[in-house]
Amino acid sequence: MTPHEAAEALRWLAEMGADEIIGEEAVNRLAPATVAARVPAAPAVMANPAVPEARHGQAPSTPSQAAACNSLAEIAAALEAFDACPLKKTATRLCYTDGNPAARVMLVGEAPDRDEDIQGKPFAGRSGQLLDRMLAAIGLSREASDRENAVFITNVIFWRPPGNRTPTEAETQMCLPFLLRTIELQKPDMIVCLGAAPAHRLTGRSDGMLKMRGRWTTANVSGRKISLLPTLHPAFLLRQPAQKRLAWRDFLMLRQALDAH
Ligand code: URA
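So, a few notes on the structure that sits alongside this text. Only a predicted model underlies this, so the values are computations on that prediction, with no experimental measurement involved.

### Observations concerning helix 7 (residues 126-137)
At 3.6 residues per turn, the α-helix brings residues three or four places apart onto the same side. When the terminal C-alpha atoms of helix 7 are compared, their 17 Å separation across twelve residues agrees well with the 16 Å that a helix rising 1.5 Å per residue should span. When helix 7 is considered as a whole, its buried residues turn out to be Ser127, Gly128, Leu130, Leu131, Met134 and Leu135. Within helix 7, the buried residues cover an arc of 160° as seen down the axis, which keeps them to one side. The exposed set on the far side of helix 7, more than 90 degrees from its buried face, consists of Arg126, Arg133 and Ala136. Along its buried surface, helix 7 packs onto strand 2 (105-109), strand 3 (151-155), strand 4 (190-194), helix 11 (234-239) and helix 12 (244-260).

In structure tokens, the structure reads:
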């Protein structure tokens, strides 16, 4: 490769979102052996009515590992030991949960970004700061010690996708059983979905967020119906501040529902 070709290849990678050094050794992830090693085997689909059935051969999943966990700490340990998800190889660390496990409200986001990858907790960066301000405005906090004022936070995906690319279906299906088991064990009264990925996965619907947001619906997780409110993702609100008024309406709906039940 000439220096010019190398510079072009580097520019292309940067444009594709590979804008961070994640290891000392260069890895050719397009080499056939590497690709084969990274494709997980044994697809198995968790029977859960909240989640649309994955198509045959497309979605390896991990229901038995997740089902074997009987506490959030066990899920965290299982995820630490779980090597099938390719995202784990490029992420800095696991990003599983934050907040108070006793909370009535569980917030579910999409996937860790750069700050979350470094700190290992969901919504640790700029969108998390906005989220914290919005929560504080309705009297909620991830730091609160009482379940009434607390929130518990997790994501659909537990490792940062390289360059923040959209997770593949296979990657999502690997994380999903752990998310569903987290919901089973944490037993929230209400789930707030931040963005389309959690809203779609937990309701089985595929409508746009501007249609779904601000309308209570239910998630059916292992036979338990849980009130679920989709709202706009804080990162979207940072890009489109004019939409904050819609998210504010949703947060007021959440406040009202908490006060009423
Ligand atoms: N965006 C998400 O959806 N989750 C995070 O944890 C951070 C940013």
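### Digging into helix 9 (residues 196-203)
Buried residues of helix 9: Pro198, Ala199, Arg201, Leu202 and Thr203, and no others. Where helix 9 is buried, its residues contact strand 2, helix 8 (169-186), strand 4, helix 10 (209-212), strand 5 (217-221) and strand 6 (224-231). In the segment just after helix 9, Gly204 is the residue with positive phi, at about 80°.

### Remarks on the pattern of salt bridges
One side chain can pair with another of opposite charge once the charged atoms of both are near each other. Considering all chains together, one arrives at 14 salt bridges under this definition. Ionic pairing is found between Arg213 and Asp250, a salt bridge with its closest N-O pair at 2.7 Å. With a gap of 37 residues between them, Arg213 in the loop between helix 10 and strand 5 and Asp250 in helix 12 connect regions that are remote in the sequence. For Asp250, a relative accessible area of 1% puts it in the buried group.

### Looking at the sheet that holds strand 6
One open sheet holds the six strands; their spatial order is 1-3-2-4-6-5, and the pairing between them is mixed. Both outer strands of the open sheet, strand 1 (97-99) and strand 5, are each paired with one neighbouring strand and no more. On average, each strand axis in the sheet is inclined to that of its neighbour by 30°, with strand direction left out of account. In this sheet, strand 3 lies alongside strand 1 in antiparallel orientation, the contact comprising three bridges. Residue pairing in the sheet places Thr97 in a bridge with Thr154 of strand 3. Strands in contact with helix 9 are strand 2, strand 4, strand 5 and strand 6; relative to strand 4, the strand with the most contacts, it is inclined by about 135°.

### Observations regarding the packing of helix 7 against helix 12
The contact between helix 7 and helix 12 brings their axes to 10 Å, and the two run at 45°. Between helix 7 and helix 12, the interaxial angle falls into the category oblique. Handedness of the helix 7/helix 12 crossing: right-handed. Counting all contacts with helix 7, which are made through Leu130, Leu131, Met134, Leu135 and Ala137, the residues of helix 12 involved are Lys244, Ala247, Trp248 and Phe251. Classifying every residue of the contact of helix 7 with helix 12 gives eight nonpolar, no polar and one charged.

### What to know about the site of the ligand
In the vicinity of the ligand, the residues found are Gly109, Glu110, Ala111, Glu116, Pro122, Phe123, Ser127, Asn155 and His233. Measuring from a nitrogen atom of the ligand, one finds a side-chain N or O atom of Asn155 at 2.8 Å. The separation between an oxygen atom of the ligand and a polar side-chain atom of His233 is 2.7 Å. When the ligand sits alone it has 230 Å² of accessible area, and the protein chains cover 95% of it.

Rules and cut-offs
Residues numbered from 1 in each chain as written. Predicted model: local features only at pLDDT ≥ 70, side-chain atom pairs only at ≥ 80, totals over all residues. Heavy atoms only, no water. Helix = DSSP H or I, 4+ residues; strand = E, 2+ residues; numbered from the N terminus. Expected span 1.5 Å × (residues − 1). Buried < 20%, exposed > 50% of the residue type's maximum accessible area, 1.4 Å probe, protein only. Arc of directions from axis to C-beta. Contact = heavy atoms within 4.5 Å. Salt bridge = Lys/Arg side-chain N within 4 Å of Asp/Glu carboxyl O. Pairing = 2+ DSSP bridges. Axes fitted to C-alpha atoms, helices over the stretch in contact; angles between N-to-C directions. Parallel < 35°, antiparallel > 145°, perpendicular 65-115°, else oblique. Left-handed = near helix turned anticlockwise from the far one by under 90°. Nonpolar A, V, L, I, M, F, W, Y, C, P; charged D, E, K, R; others polar. Near = heavy atom within 4 Å. Polar contact = N/O pair within 3.5 Å; in protein donor to acceptor, adjacent residues only side chain to side chain. Areas by Shrake-Rupley, 256 points an atom, 1.4 Å probe, with all protein chains shown as cover.

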